[in-house]
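Summary of the model geometry
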Amino acid sequence: MSENDKLDLASPDLVNENFEKLSELFPNCVTESAEGKAIDFDLLKQELSHAVVEGNKERYRLEWPGKKEAIVTANLPTTKTLRPVREDSVDFDNTENLYIEGDNLEVLKLLQESYLGKIKMIYIDPPYNTGKDFVYKDNFSRDSQEELLESGQKNEYNQRLVANPETSGRYHSDWLSMMYPRLRLARNLLSDDGVVFISINNIEIHNARKICDEIFSENNFFECITWNKRVPKNDKGIGNIHEFVLIYVKNSELEHSFIMPKDGLEEIFDMAKKFKSKGIDITEAELELKKFYKKRGFDRGITLYNSIDHNYKIWGKINMSWPNANTFGPRYDVLHPKTKKPVKVPDRGWRWKESTFNEALDYENVVELPDGSFRCGTIWFAKDENTQPSSIKYLEDVSDMLLRSIVSLKSDGGIETEKLFANKSIFSYPKPTSLLRRLVESIKMENGIVLDFFSGSASTADALLQYNSESLKRNKYIMVQLPEDLDENLKDADNNTKQTIQNSIDFLDSLGKPHLITELGKERIRRAAKKIKEETGADIDYGFRVYRLDESNMEDVYYMPQEYTQDKLDLFADNVKSGRTSDDLLAQVMLDWGLPLSLKIEQVNINGKKLFKVAENSLYACFDDDIDEAFAKAIAEEQPLRIVFKDSGFKDDTAKTNVKQLLKQLSPETEMKVI
Ligand SMILES: C[S@@+](CC[C@H](N)C(=O)[O-])C[C@H]1O[C@@H](n2cnc3c(N)ncnc32)[C@H](O)[C@@H]1O
């Protein structure tokens, strides 16, 4: 007897059936509540009434069960810290790039002081909530940690990843609760001229826009870019070929413009060179050029440039009418260079003021063009005064145009990473660096920091290195990534991704590394950096410092002095947890003092003790024992701005008092702290 033939002796769940029936009749009344899917009875009442039903106050806003908790989550302080991992880093002491392993919520909290208002660009590519994603749960009580560990929802790397299938009654709410606090914290890090780009697809685009409108303000919404991926996904009876990139600016009162290089310029210039070398007649060359534009389907940013001068340089005619439909430009006479009669003034007036126009004209220098029109300075005139003149612009001078709101770039991030990893598919759906470069280029990043706190395969770091190597700009990156356990992922993976995850595991085994996604991210950067260096030889920063999120370096008692009892007093003898190194303490001090983790760190030996010098004399730190007056004197000579010691590191209490006094006398600008 098969399963299907068995008599179902259980009575039907009528509540569920009723729910389904109502959902079918009134889909607008289905909502998500703290307990899962629910019916909004106020709305249902309204559906059944001819008059407006009194009930909850109506408001225009996005609500979901867990929103208040998400706000609390964003505001709760963290007791965690970041520990440097020198052995995984590349050029630790000198690099300004960071790779941080850990839950981005905690990491963003830790970066609040050091990077407040310092990030020029944030790019994120969060889980799209496809129904197959795991969503990170923030709101869980401490008591349930053990339980989660046992049930396998939390692993030893402190992950709390929970599947979020479409059927979950809190499908959208859980995603929103995960995103909301992270975006809130991220906003604080943006500089005043900062920009945030968020990759998303149509599953959560509406919710993403709503929370971003709330967090960044609707006024700071800039554009929703459609990314045409060129290759459709045909699994739903329609060829889905696009995703979105939301753009928000920190402050819309500042002027922002997003640019992109004009596509196909090299080919066009090559063509003009050929015309010249063959001595092709200009009129014929112009016809050929127009045909080429048509064939390639260029947009107006290029096709406008369809004239060729005697040197075979390509130029275009820019309209001189006042551009704004609601206002009017100045009106004045402009004389035709040949007929000497005033030309037709545009209906809405001129685009330029008279003095600017006069500067562009050069009546001493008039050239007749092959079609009988004229150029006079940098102004083009038709045969006679009956046609409005235009200003002349060369294509080579306007190689950039405003970023288009539809970006067509092949979705070949997978192939790109395969090339880096010996032709093995190691990541699922990484973003192509071409897309990320387009975004970085669009804001002309220069000496800025790019933060990606859902960094996955670290494609953003790769893209930034490529951009830096070509433009020789000194931008830095901060990648944040959860150390997702690939063995866990393999258990839950569908057939499409199983092979990719298995490849990653095999690859990490060959390197003798743990099965964590962060190992892949770091390796990707190492390989991409090597490739870029070999190909370009550019003198840029190829290194990165690795930090790992961990519990505080301090014994818990350090944070709860009110709770200690006499028998715990010995903890004060040294409040640093065992196993923590001076590198660990330095990172914590830098974060606490609000210093960027990317500052240059130098290690020197003074009086037999290890001294860290951060950014020259911005911060000195010594966590060795037996600190005494002689050491203080040696340091004071260098006049550091800040100095930090271990509380238990002084030779004795007198030494502690004397060191303080000595520093005050010899280097009054120095601020001293102990941990
Ligand atoms: C869509 S992928 C990003 C892909 C990436 N842009 C690329 O090109 O490879 C999202 C990543 O965010 C990571 N992630 C999810 N929740 C996170 C959290 N709470 N903290 C840090 N990373 C997280 C996931 O592990 C996943 O690798």
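Residues numbered from 1 in each chain as written. Predicted model: local features only at pLDDT ≥ 70, side-chain atom pairs only at ≥ 80, totals over all residues. Heavy atoms only, no water.

Observations regarding the site of the ligand
- Close to the ligand lie 19 residues; Asp125, Lys431, Ser457, Ser459 and Glu484 are nearest.
- Between the ligand and the protein, one listed contact pairs a nitrogen atom with a backbone N or O atom of Asn104 at 2.9 Å.
- In the model, an oxygen atom of the ligand is placed 2.8 Å from a nitrogen or oxygen of the Lys431 main chain.
- Isolated, the ligand exposes 600 Å² of accessible area, and the fraction of that covered by the protein chains is 90%.
- Here the shell around the ligand is built from residues that sort into seven nonpolar, seven polar and five charged. (Near = heavy atom within 4 Å. Polar contact = N/O pair within 3.5 Å; in protein donor to acceptor, adjacent residues only side chain to side chain. Areas by Shrake-Rupley, 256 points an atom, 1.4 Å probe, with all protein chains shown as cover. Nonpolar A, V, L, I, M, F, W, Y, C, P; charged D, E, K, R; others polar.)

A look at the pattern of salt bridges
- Scanning the model with the defined rule gives 36 salt bridges in all.
- Between Glu551 and Lys80 there is a salt bridge whose closest N-O contact spans 3.5 Å. Taken together, the positions of Glu551 in the loop between strand S22 (545-550) and helix H18 (582-592) and Lys80 in the loop between helix H3 (67-75) and strand S3 (81-84) put the pair 471 residues apart, joining distant regions of the chain.
- Its salt-bridge partner being Glu535, residue Lys531 comes within 3.6 Å of it at the nearest N-O pair. Highlighted residues: Lys531 and Glu535, both in helix H17 (residues 517-536), separated by four residues, approximately one helical turn.
- Through salt bridges that share partners, Asp88, Glu101, Glu519, Lys522 and Arg548 make up one connected network. (Salt bridge = Lys/Arg side-chain N within 4 Å of Asp/Glu carboxyl O. Helix = DSSP H or I, 4+ residues; strand = E, 2+ residues; numbered from the N terminus.)

Focus: the environment of Lys341
- Note on placement: Lys341 falls in the loop between strand S13 (314-319) and helix H11 (354-360).
- When its relative accessible area of 46% is taken as the criterion, Lys341 is described as partly exposed.
- Counting along the chain gives 142 residues from Lys341 to Ser199, while the straight-line C-alpha distance between them is 56 Å.
- Residues within four places of Lys341 in sequence aside, it is in contact with Val334, Leu335, His336 and Glu385. (Buried < 20%, exposed > 50% of the residue type's maximum accessible area, 1.4 Å probe, protein only. Contact = heavy atoms within 4.5 Å.)

A few points about the packing of aromatic side chains
- Following the criterion strictly, the structure yields 19 aromatic pairs and no others.
- A centroid spacing of 5.8 Å and a plane angle of 85° characterise the contact between Tyr293 and Phe298, whose relative ring orientation is edge-to-face. For the pair Tyr293 and Phe298, one class covers both residues: buried.
- Their ring planes at 65° and their centres at 5.3 Å tell us that Phe645 and Phe650 sit as a pair that is edge-to-face.
- Residue classification places Phe645 among the buried positions, given a relative accessible area of 1%.
- When its relative accessible area of 8% is taken as the criterion, Phe650 is described as buried.
- Sitting over the face of the ring of Trp227, Lys229 holds its NZ or CZ atom 5.8 Å from the ring centroid. (Phe/Tyr/Trp six-rings, centres within 6.5 Å; stacked < 30°, edge-to-face > 60°. Lys NZ or Arg CZ within 6 Å of the ring centre and 35° of its normal.)

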